[in-house]
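Chain by chain, the residues:
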Amino acid sequence: MFKIVNSILGTFSTDLAIDLGTANTCVYVKGKGIVLSEPSVVAVRRDVRDGKKVLAVGSDAKRMLGRTPGNIVAVRPMKDGVIADFEVAEAMLRHFICRVHNSRKLVRPRIIVAVPSGITQVEKRAVRESAQSAGAREVYLIEEPMAAAIGANLPITEPTSNMVVDIGGGTTEVAVISLSGIVYSRSVKVGGDKMDEAIIHHVKRKYNMLIGESTAEMIKMKIGSAYPLTEEIEMEIKGRNLVSGIPQHITITSEEIRKSLSEQVDSIVQAVKLALEQTPPELAADIVDRGIVLTGGGALLRGLDALLREATDLPITVVDEPLSTVVLGAGKVLENLDVLKEVTID
Ligand SMILES: Nc1ncnc2c1ncn2[C@@H]1O[C@H](COP(=O)(O)OP(=O)(O)OP(=O)(O)O)[C@@H](O)[C@H]1O
């Protein structure tokens, strides 16, 4: 009986692949492709009797970051690539699953979730339980670099090495993959968020001006860089003067923003160099020919590829859609469940 019910549920359910990221959550529906990409932000009201009430999720909630009255908080449930607020992460997952299923209640999908490499057992359990409480029937986990490599169409099943660097919001993952397995991986807690913090710190120190997370992220995307630009650029920004308390605007340059990001950028370069040093010689030889593939939103930082090319003397390629490579890879695995056993983790 259980088997019959399960198989009926299976026919009605839509299996999902989810990249539960620090900055963005992306959802892939089997047979359909990527159907959702939203910031991993939830706005909650804290003054309700039974604890918290979810007011908005995704971009609606992100617009509220730093703009909420006292009883409303915009929370980012993921930190450094893992769940920091279990309750809110679960509410966010539930919301996204309902949205892609058009709120059909009966559906209990199989879900494959991309997680950072080097995630602890406790963190894995948190992700699994969160997905199960949000309605998943079965939960599989795949390491982000593996999903990224599959999403980037690298020949992961062959006995040749593929080096992938996934620069996300919370972590940067460097991995060498060969024969469907991760030969080397290293995850450092450096990514887009730390870059935004560095910009906030720089503006505060140099101009005595306070800016919010969203403004810092916008500055990074518009004029941030890792390598000198052929034509340096400027940007006008607004914030609050820390001394007078009055809102003001100033003009900042791409050079000063590059300098403020240098510590984070250098950590990424060092992580790549360490991975190259620790890769077995045969596989290192492959990397010389095939180069390194950059993915994740951080790969869009201007000139990061040029800087890595200079630092390593290797060919560097940025994938076409860095923000969706991981979910695309997890989705491909979902479409082909035979591969699933080989590349998912316990
Ligand atoms: N053009 C750009 N230049 C620099 N950074 C960018 C750009 N576009 C997006 N980003 C940054 O990329 C990050 C989001 O990338 P991504 O969605 O790959 O991360 P994530 O999967 O949410 O994080 P993690 O893998 O750490 O959990 C954000 O910090 C965002 O600011």
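Every value quoted in this text rests on a predicted model; they were computed, and no experiment measured them. (Residues numbered from 1 in each chain as written. Predicted model: local features only at pLDDT ≥ 70, side-chain atom pairs only at ≥ 80, totals over all residues.)

**With respect to the site of the ligand**
Okay, so step 1: The local shell around the ligand holds 24 residues, among which Gly21, Ala23, Gly168, Gly192 and Gly297 are the closest.
Okay, so step 2: Looking at the shell around the ligand, the elements with two or more residues in it are helix H6 (192-207) and helix H7 (213-223).
Okay, so step 3: Among the elements that take part in the shell around the ligand, H7 stands out by supplying three residues, more than any other.
Okay, so step 4: In terms of residue class, the shell around the ligand is built from five nonpolar, 14 polar and five charged. (Near = placed C-beta within 6 Å. Helix = DSSP H or I, 4+ residues; strand = E, 2+ residues; numbered from the N terminus. Nonpolar A, V, L, I, M, F, W, Y, C, P; charged D, E, K, R; others polar.)

**Quick look at the sheet that holds strand E17 (residues 292-295)**
Okay, so step 1: Strand order in the open sheet formed by five strands is E13-E12-E11-E17-E18, with mixed pairing between adjacent strands. The open sheet terminates on both sides in strands that have one partner only, identified here as strand E13 (181-188) and strand E18 (316-318). Each strand of the sheet is rotated relative to its neighbour by a mean of 20 degrees, with strand direction disregarded.
Okay, so step 2: Bridge count between strand E11 (residues 162-167) and E17: four bridges; the pairing is parallel. Paired with Met163 across the bridge in E17 is Ile292.
Okay, so step 3: Each of E17 and E18 is contacted by helix H10 (residues 304-312), which is oriented at about 165 degrees to E18, the strand it contacts most. (Pairing = 2+ DSSP bridges. Axes fitted to C-alpha atoms, helices over the stretch in contact; angles between N-to-C directions. Contact = placed C-beta atoms within 7 Å.)

**Observations concerning the sheet that holds strand E3 (residues 33-39)**
Where strands meet in a sheet, backbone hydrogen bonds hold them as pairs that are either parallel or antiparallel.
Okay, so step 1: Pairing is mixed across the open sheet formed by six strands, whose spatial order is E3-E2-E1-E9-E10-E19. Looking at strand neighbours, the two that pair on one side only are E3 and strand E19 (344-345), the edges of this open sheet.
Okay, so step 2: Judged from the two bridges that link them, strand E10 (residues 138-143) and E19 form a sheet pairing that is antiparallel. In the sheet register, Ile142 faces E19, and the bridge partner there is Thr344.
Okay, so step 3: Sheet strands in contact with helix H11 (residues 325-335) are strand E1 (16-20), strand E2 (24-29), E3, strand E9 (110-115) and E10, and its direction is about 155 degrees off that of E1.

**Side note on the nonpolar core**
Okay, so step 1: Counting 93 residues, the largest nonpolar core has Val42, Val113 and Ala330 as the members making the most contacts within it.
Okay, so step 2: Apart from the residues within four sequence positions on either side, Val42 is in contact with Val54, Val57, Ala61, Val75, Pro77, Val88, Ala91 and Met92. (Core = buried A, V, L, I, M, F, W, Y, C linked by C-beta atoms within 7 Å. Buried ≥ 20, exposed ≤ 12 C-beta atoms within 10 Å, placed from the backbone.)

**Here's the deal with the domain arrangement of the protein**
Okay, so step 1: According to the domain assignment, the protein contains domain 1 (2-39 + 82-146 + 326-345), domain 2 (41-75), domain 3 (158-190 + 266-322) and domain 4 (192-260).
Okay, so step 2: On a C-alpha basis, the centres of domain 1 and domain 3 stand 26 Å from each other.
Okay, so step 3: On the domain 3 side, the residues contacting the 13 residues of domain 1 number 14 residues.
Okay, so step 4: For the side of domain 1 that touches domain 3, the secondary structure elements donating two or more residues are helix H5 (144-151) and helix H12 (337-343).
Okay, so step 5: If you tally residues by element for the side of domain 1 that touches domain 3, the top one is H5, at three residues.
Okay, so step 6: Of the residues that constitute the side of domain 1 that touches domain 3, the class distribution is six nonpolar, four polar and three charged. (Domains from an automatic or database assignment.)

**Structural notes on unusual backbone geometry**
Residues apart from glycine generally show negative phi values, whereas peptide bonds are mostly found in trans.
Okay, so step 1: Positive phi, close to 55 degrees, is recorded for Asn208, a residue that is not glycine.
Okay, so step 2: With respect to the element layout, Asn208 can be found in the loop between H6 and strand E14 (209-210).
Okay, so step 3: When the 15 C-beta atoms within 10 Å are taken as the criterion, Asn208 is described as partly exposed.

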